[in-house]
Protein chains: 2
Amino acid sequence: MADPLALERLTLEPLTAEAFAPFGSVIQADPAAMRLINGGTTERYHALAEAEAYGEDARVILNIFRGAPRAFPYALTMMERHPLGSQSFSPLTPRDWLVVVAPDEDGRPGRPRVFRACGDQGVNYRANVWHHPLMAVGAATDFLVVDRTGAGNNLEEFFYDTPFLIAEP
Amino acid sequence: MADPLALERLTLEPLTAEAFAPFGSVIQADPAAMRLINGGTTERYHALAEAEAYGEDARVILNIFRGAPRAFPYALTMMERHPLGSQSFSPLTPRDWLVVVAPDEDGRPGRPRVFRACGDQGVNYRANVWHHPLMAVGAATDFLVVDRTGAGNNLEEFFYDTPFLIAEP
């Protein structure tokens, strides 16, 4: 591969609900979604995201993903998507991480966008949204992952002709 | 109310998948459920729990619950259950917490069982399992909660004639 530092660099954006809206939901304790329950002992931040599960024998399952930290500079070579269901990631320890998504352009991912998520932010990718596999930063990190299982092929991958560069997290 | 210390004391049990099986699933990184994905960079602990959502307009939603820490000794006066769906709790910071459930006895909760969960353990209550509202310990704690929304009444509460005591966490 060519010198990674010669690749086109991607700029990091802060992760906000507005910026991420084309791709899915940000899962964080948003005061606008808060209601008191359990006799006032619990703040419920309600319906921050919704799971999607389509197709034969579709079910929503809960998993833990333990992501190894990525090495930077990182050459981003591929993206993937899940046509039959959403997929959410919520860090189980409060450590910042990177969320990489791309708009669809005629069935292929366009230029990636990189969001820097704080340790108290998760995301839910809507079904069929192009994203990069889990990108932990600094140390191995566990995430709760809510996604779909069932019959059928729920994975599509795409490899870019020329990688992009994430210089540092 | 009578002197709380005169109430019947509940013994704490460690939270294990086997002990909790009558009530639902323990959500933790169980080596038996591990498969390597993402080119070996991610350990996927697969299908640790499954979301249930029944009835009209049923959907699975993701929420954050911020639980205030309970004061101990704690007089346990009530239980609740959700007939139309499961409900999972996974701590978003690694802090121990308490899981309180009860077997059903002719439509009422029986004697409660108290499990001490480690900070890396979540649980999923199956639909219609009696449980106590969220019981954080020591400090306010955020949990990712996966449960059901939709039409119909999904909450049933029961108040014990005589409370039980959790002396300390």
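Described below are features of the structure shown in this document. (Residues numbered from 1 in each chain as written. Chains lettered and ligands numbered in written order. Predicted model: local features only at pLDDT ≥ 70, side-chain atom pairs only at ≥ 80, totals over all residues. Heavy atoms only, no water.)

### What to know about the environment of Leu134 of chain A
- Note that Leu134 of chain A resides in the loop between strand 14 (130-131) and strand 15 (135-136).
- The sequence separation of Leu134 of chain A and Gly67 of chain A amounts to 67 residues, and the corresponding C-alpha distance is 6.4 Å.
- Residues contacting Leu134 of chain A, with those up to four places away along its chain left out, are Phe65, Gly67, Arg70, Phe89, Trp97 and Phe143 of chain A together with Asn38 and Thr42 of chain B. (Helix = DSSP H or I, 4+ residues; strand = E, 2+ residues; numbered from the N terminus. Contact = heavy atoms within 4.5 Å.)

### Regarding the interface of chain B and chain A
- Tallying the contact residues gives 40 residues for chain B and 40 residues for chain A.
- Each partner contributes to the roughly 3,300 Å² buried at the junction of chain B and chain A, and carbon and sulfur atoms together form 57% of this total.
- Three residues stand out in chain B for area buried against chain A, namely Leu62, Ile64 and Arg66 of chain B, and they jointly supply 19% of the buried area on that side.
- Residue Asp147 of chain B pairs with Arg44 of chain A through a salt bridge whose shortest N-O separation is 3.1 Å.
- Counting the contacts that link chain B with chain A gives 24 residue pairs in polar contact (both at pLDDT 80 or more). (Buried area = accessible area lost by both parts, 1.4 Å probe. Salt bridge = Lys/Arg side-chain N within 4 Å of Asp/Glu carboxyl O. Polar contact = N/O pair within 3.5 Å; in protein donor to acceptor, adjacent residues only side chain to side chain.)

### Re the side chain of Thr42 of chain A
- Note on placement: Thr42 of chain A falls in strand 5 (residues 42-50).
- For Thr42 of chain A, the side chain forms a polar contact with the side chain of Asn38 of chain A, separated by 3.0 Å.

### A word on the sheet that holds strand 3 (residues 24-27) of chain A
- Taken in spatial order, the seven strands of this open sheet run 3(A)-13(A)-8(A)-16(A)-6(A)-5(B)-4(B), and their pairing is antiparallel. Edge positions in the sheet fall to strand 3 of chain A together with strand 4 (34-37) of chain B, since each of these pairs with one other strand and no more. The sheet shows a mean angle of 25° between the axes of neighbouring strands, taken without regard to direction.
- One ladder, built from four bridges, connects strand 8 (residues 87-91) of chain A with strand 16 (residues 141-149) of chain A; its direction is antiparallel. In the sheet register, Ser88 of chain A faces strand 16 of chain A, and the bridge partner there is Val146 of chain A. (Pairing = 2+ DSSP bridges. Axes fitted to C-alpha atoms, helices over the stretch in contact; angles between N-to-C directions.)

### Here we look at the relation of the copies chain B and chain A
- Expressed as a screw transformation, the operator carrying chain B onto chain A has a rotation angle of 180° and an axial translation of 0.0 Å, and the superposed copies differ by an RMSD of 0.0 Å. Given the turn and translation reported, the copies of this chain are related as if by a two-fold rotation axis. Across chain B, the rotation axis passes nearest the C-alpha of Leu92 of chain B, at a separation of 2.3 Å.
- A shared interface surface links the copies, since 100% of the contact residues of chain B are contact residues in chain A too. (Least-squares fit on C-alpha atoms with pLDDT ≥ 70 in both.)

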